[in-house]
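Tertiary structure, described
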Amino acid sequence: MITPKQRAVLRALSNTLDPVLQIGKEGITKGTELQAEALFEARELFKIKVLNNCVLSIKEIADEFVKMFNCEIVQIIGNKISVYRHSSRNNIKHIQLP
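The sections below set out a description of the structure shown in this document. Predicted model, so just to flag it, every value in this text is computed and none were measured. (Residues numbered from 1 in each chain as written. Predicted model: local features only at pLDDT ≥ 70, side-chain atom pairs only at ≥ 80, totals over all residues. Heavy atoms only, no water.)

**Observations regarding the side chain of Glu 44**
Mapped onto the elements of the fold, Glu 44 is located in the loop between α2 (30-42) and β2 (45-50). For Glu 44, a relative accessible area of 0% corresponds to the buried category. From its side chain, Glu 44 meets the backbone nitrogen of Ile 95 in a polar contact 3.0 Å long. (Helix = DSSP H or I, 4+ residues; strand = E, 2+ residues; numbered from the N terminus. Buried < 20%, exposed > 50% of the residue type's maximum accessible area, 1.4 Å probe, protein only. Polar contact = N/O pair within 3.5 Å; in protein donor to acceptor, adjacent residues only side chain to side chain.)

Spelled out as structure tokens, the structure:
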């Protein structure tokens, strides 16, 4: 669980990021899961773009990500979701939170 102050820091950092993961009409697939897991380990914070042809709502996608990856939703703006999870690899943290 992150604090409101930490969420504010993460929101500020995510403003400059471009979406690196897209979710289309098939929703969250096995390939999406593998790619998201690699992104969490490499970046900790990234953006997801939900395409207009996706059958799930953006809120449903966000809830699925929280369940699947034990991550935090930083913010949802339009069709983009910013997600954060600290790297579990060797306890290396790419982002230092207050």
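**So, the nonpolar core**
In this structure, Phe 46, Ile 48, Ile 61, Phe 65, Ile 81 and Val 83 are the most contacted members of the largest nonpolar core, which totals 18 residues. A total of four residues in this core trace back to one element, the largest contributor, which is helix α3 (residues 58-69). Core analysis: the next-biggest nonpolar cluster, separate from the first, contains six residues, Leu 45, Val 74, Tyr 84 and Ile 95 among them. (Core = buried A, V, L, I, M, F, W, Y, C linked by side-chain atoms within 4.5 Å.)

**A short note on the packing of α2 against α3**
One way to put it is that α2 packs onto α3 with a least axis distance of 12 Å and a crossing angle of 70°. Taken together, the axis directions place α2 and α3 in an arrangement best described as roughly perpendicular. By crossing handedness, the relation of α2 to α3 is classed as right-handed. The residues of α3 that touch α2, namely those facing Glu 33, Ala 36, Glu 37 and Phe 40, are Phe 65, Met 68 and Phe 69. Residues that form the contact of α2 with α3 fall into these classes: five nonpolar, no polar and two charged. (Axes fitted to C-alpha atoms, helices over the stretch in contact; angles between N-to-C directions. Parallel < 35°, antiparallel > 145°, perpendicular 65-115°, else oblique. Left-handed = near helix turned anticlockwise from the far one by under 90°. Contact = heavy atoms within 4.5 Å. Nonpolar A, V, L, I, M, F, W, Y, C, P; charged D, E, K, R; others polar.)

**A few points about the layout of surface pockets**
In this approach, a probe sized like a water molecule rolls over the atoms, and the result shows the empty space that is left. Considered as a void within the structure, the largest pocket measures approximately 190 Å³ in volume. When the residues that make up the lining of the largest pocket are grouped by side-chain class, the tally is six nonpolar, four polar and three charged. (1 Å grid on protein atoms, 1.4 Å probe; cavity = no way out; pocket = protein on both sides within 12 Å on 5 of 7 lines; lining within 4 Å. Points joined across faces, edges and corners; volume = space filled by probe spheres on them.)

**Here's the deal with the environment of Ala 38**
Along the polypeptide, Ala 38 turns up in helix α2. Judged by relative accessible area, Ala 38 falls into the partly exposed class, the value being 47%. Counting along the chain gives ten residues from Ala 38 to Ile 48, while the straight-line C-alpha distance between them is 14 Å.

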